[in-house]
Amino acid sequence: MTISLTTDTPSAAMPDSLLRRLHVDEERRVMPEHLQRLHWSAERLKAERRRRLRELLRVAKAQSPWHRERLEGIDPERLEEGDLSQLPTMTKSDVMSNFDEIVTDRRLSLERVESHLAGLGAEPSYLLDGYQAVVSGGSSGVRGVFVYDWDAWAECFAAGYRYLF
């Protein structure tokens with residue numbers, strides 16, 4: 001799933017090398033907050049998980065036709081972690097079969113992302129306005145294509161490195 005890019009996201013008209021440098025700067029900018037999270041109380045972590053879960057559901061329902069239909073009747077403002085079992089599951093097969101209706105940026109399509117991935121060389125390359133597209137064969141044997149927006153990629157990178165500390 002993707003979340004719309006922020007207005008301060010660098011332009012896709014920039015060369016990939018400059019975009020990458022800016023992205024590394026963004027990853028470094030968010031790292032201190034990620035490290036602070038290591039010291040958050042259980043209550044604060046629970047509140048943050050609730051806030052992010054509700055935000056994710058609001059965006060999914062508002063911007064993804066597939067999620068809007070499957071989450072009909074779910075009120076994001078009332079959902080608690082304990083209610084997660086009430087949500088329908090989404091498998092990698094679901095993602096791949098419904099990709100174009102799942103993504104929240106209507107400019108993205110499985111065909112466009114696959115074309116981008118097929119043209120990648122040794123260096124990373126951004127899709128559209130700074131999206132990172134990745135592929136996973138995974139242990140399930142089902143090939144998956146996933147797209148991260150500018151902010152999500154920086155957060156993913158920082159979260160991965162947080163565990164080194």
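Our subject is the structure listed above.
Bear in mind that the values here come from a model prediction, so they are computed numbers and not experimental data.

A word on the packing of helix H1 (residues 16-37) against helix H7 (residues 150-162)
Put simply, H1 and H7 touch, their axes get as near as 8 Å, and they point 55° apart. Between H1 and H7, the angle falls in the class oblique. Crossing geometry of H1 relative to H7 is assigned as right-handed. In this structure, H1 contributes Leu 19, Arg 20, Leu 22, His 23, Glu 26, Glu 27, Val 30, Met 31, His 34, Leu 35 and Arg 37 to the contact, and H7 contributes Trp 150, Asp 151, Trp 153, Ala 154, Glu 155, Phe 157, Ala 158, Ala 159, Tyr 161 and Arg 162. In terms of residue class, the contact of H1 with H7 is made up of 12 nonpolar, 2 polar and 7 charged.

Digging into the nonpolar core
Formed by 15 residues in total, the largest nonpolar core has its most connected members in Phe 99, Leu 108, Val 113, Leu 127, Tyr 131, Val 145 and Val 147. What Phe 99 contacts, discounting residues up to four positions off in sequence, is Ser 109, Leu 110, Val 113, Val 145 and Val 147.

Quick word on the packing of aromatic side chains
Evaluation of the coordinates by the stated rule reveals 2 aromatic pairs. On the basis of an interplanar angle of 35° and a centroid distance of 5.9 Å, the ring pair of Tyr 126 and Trp 150 is categorised as tilted. In this pair, Tyr 126 is assigned in the loop between helix H6 (110-118) and strand S1 (132-136) and Trp 150 in helix H7, connecting sequence segments 24 residues apart. The two residues Tyr 126 and Trp 150 agree in class, both being buried. Plain terms: the ring middles of Tyr 148 and Trp 153 are 5.1 Å apart, the flat faces sit at 65° to each other, and that makes the pair edge-to-face. Its relative accessible area of 27% is what places Tyr 148 among the partly exposed residues.

Here we look at the pattern of salt bridges
In this structure the tally under the stated criterion is 12 salt bridges. Among the ionic pairs, Arg 51 bridges to Glu 48, the shortest N-O distance being 2.7 Å. Residue Arg 51 and its partner Glu 48 are located together in helix H2 (residues 42-63), separated by 3 residues, close to a single helical turn. According to the relative accessible area criterion, Arg 51 is partly exposed, its value standing at 41%. Here Glu 55 makes a salt bridge to Arg 51, at a shortest N to O gap of 3.3 Å. In this pair, Glu 55 and Arg 51 both sit in helix H2, 4 residues apart, roughly one turn of the helix. The exposure class of Glu 55 is partly exposed, given its relative accessible area of 32%. Where salt bridges share partners, they join Glu 48, Arg 51, Arg 52 and Glu 55 into one cluster.

Examining H6
Among the residues of H6, Val 113, His 116 and Leu 117 are the ones counted as buried. The arc that holds the buried residues of H6, viewed along the axis, is 100°, so those residues lie on one side. Facing away from the buried side of H6 by more than 90 degrees, the exposed set consists of Glu 111, Ser 115 and Ala 118. Lining the buried residues of H6 we find helix H5 (99-102), S1 and strand S2 (144-148).

Quick look at the side chain of Arg 37
Turning to its location among the elements, Arg 37 is positioned in helix H1. Accessibility expressed as a relative area gives 13% for Arg 37, which makes it buried. In contact with Arg 37, other than residues within four places in its own chain, are Leu 45, Arg 52, Glu 155 and Arg 162.

Things to note about H1
For H1, built from 22 residues, the straight-helix expectation of 32 Å at 1.5 Å per residue is met to within 8% by its first-to-last C-alpha distance of 31 Å. For H1, the principal kink sits at Met 31 and spans about 30°; a proline, Pro 32, occurs within the next four residues. By the burial criterion, the buried members of H1 are Leu 19, His 23, Glu 26, Glu 27, Val 30, Met 31, His 34 and Arg 37. Buried-residue contacts for H1 involve H2 and H7.

Calculation notes
- Residues numbered from 1 in each chain as written.
- Predicted model: local features only at pLDDT ≥ 70, side-chain atom pairs only at ≥ 80, totals over all residues.
- Heavy atoms only, no water.
- Axes fitted to C-alpha atoms, helices over the stretch in contact; angles between N-to-C directions.
- Helix = DSSP H or I, 4+ residues; strand = E, 2+ residues; numbered from the N terminus.
- Parallel < 35°, antiparallel > 145°, perpendicular 65-115°, else oblique.
- Left-handed = near helix turned anticlockwise from the far one by under 90°.
- Contact = heavy atoms within 4.5 Å.
- Nonpolar A, V, L, I, M, F, W, Y, C, P; charged D, E, K, R; others polar.
- Core = buried A, V, L, I, M, F, W, Y, C linked by side-chain atoms within 4.5 Å.
- Buried < 20%, exposed > 50% of the residue type's maximum accessible area, 1.4 Å probe, protein only.
- Phe/Tyr/Trp six-rings, centres within 6.5 Å; stacked < 30°, edge-to-face > 60°.
- Salt bridge = Lys/Arg side-chain N within 4 Å of Asp/Glu carboxyl O.
- Arc of directions from axis to C-beta.
- Expected span 1.5 Å × (residues − 1).
- Bend = angle between axes of the 7 residues up to and from the residue.

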